[in-house]
Amino acid sequence: MPKQQPKDKLTTIDNDFNFRIAMFKKVFGTDEGKLVLDYLGRVWSLPIPSFNPNSDYWVMGKYRAYQEICKLVNTPLKKGKNND
């Protein structure tokens, strides 16, 4: 059985930015992932505001998620242990 690291030392998508970038690139950097990202960009684009705060904030939240994915996919990986 492999030795387990202490919980605070585990590399996860939450605590290691370079690992997070690598994981998003593995998913959305493929041809299929780019198709999904293109689809999300079209479906989650910002329409004209409806002036309904609930609806507008919901749409802005989806668009923000799309922007975050694009940012991670387009961020270059730092050279190091997680550079696949």
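Residues numbered from 1 in each chain as written. Predicted model: local features only at pLDDT ≥ 70, side-chain atom pairs only at ≥ 80, totals over all residues. Heavy atoms only, no water.

A. Structural view of the overall build of the chain. Within the chain, the secondary structure is distributed over three helices and zero strands. Ordered by position from the N terminus, the helices and strands of the chain form the series α-α-α. Counting the 84 residues in the chain, one finds 21% classified as buried. Look at the contacts in the chain between residues 6 or more apart in sequence, and 58% of them connect residues 24 or more apart. Of the roughly 6,900 Å² of accessible surface on the chain, 60% is carried by carbon and sulfur atoms. (Helix = DSSP H or I, 4+ residues; strand = E, 2+ residues; numbered from the N terminus. Buried < 20%, exposed > 50% of the residue type's maximum accessible area, 1.4 Å probe, protein only. Contact = heavy atoms within 4.5 Å. Areas by Shrake-Rupley, 256 points an atom, 1.4 Å probe, with all protein chains shown as cover.)

B. View of helix α3 (residues 53–74). In this model α3 runs 31 Å from its N-terminal to its C-terminal C-alpha over 22 residues, within 8% of the 32 Å that 1.5 Å per residue would give. Taken as a whole, α3 has its buried residues at D56, V59, Y66, I69, C70, L72 and V73. Turning to α3, the residues buried within the fold contact α1 (17–28) and α2 (31–43). With a side-chain oxygen lying 3.1 Å from the backbone nitrogen of N54, the N-terminal cap of α3 falls on N52. (Expected span 1.5 Å × (residues − 1). Polar contact = N/O pair within 3.5 Å; in protein donor to acceptor, adjacent residues only side chain to side chain.)

C. Fine view of the nonpolar core. With seven residues, the main nonpolar core is built from F28, L37, L40, Y66, I69, C70 and V73. Elements with a contribution of two residues or more to this core: α2 and α3. In terms of residues, this core owes the most to one element, α3, which gives four residues. For I69, the contacting residues outside a window of four places in its chain are F24, F28 and L37. (Core = buried A, V, L, I, M, F, W, Y, C linked by side-chain atoms within 4.5 Å.)

D. Just unusual backbone geometry, in detail. Unlike most non-glycine residues, F51 shows phi in positive territory, near 65 degrees. The exposed category is assigned to F51, whose relative accessible area is 74%.

E. The arrangement of the packing of aromatic side chains in detail. Per the stated rule, a full pass over the model turns up two aromatic pairs. Between F24 and F28, the ring centres sit 6.2 Å apart and the planes meet at 20 degrees, which makes this aromatic pair stacked. Within this pair, F24 and its partner F28 are both found in helix α1, separated by four residues, close to a single helical turn. A residue is classified by how much of its surface remains accessible, and F28, at 13% relative accessible area, is buried. (Phe/Tyr/Trp six-rings, centres within 6.5 Å; stacked < 30°, edge-to-face > 60°.)

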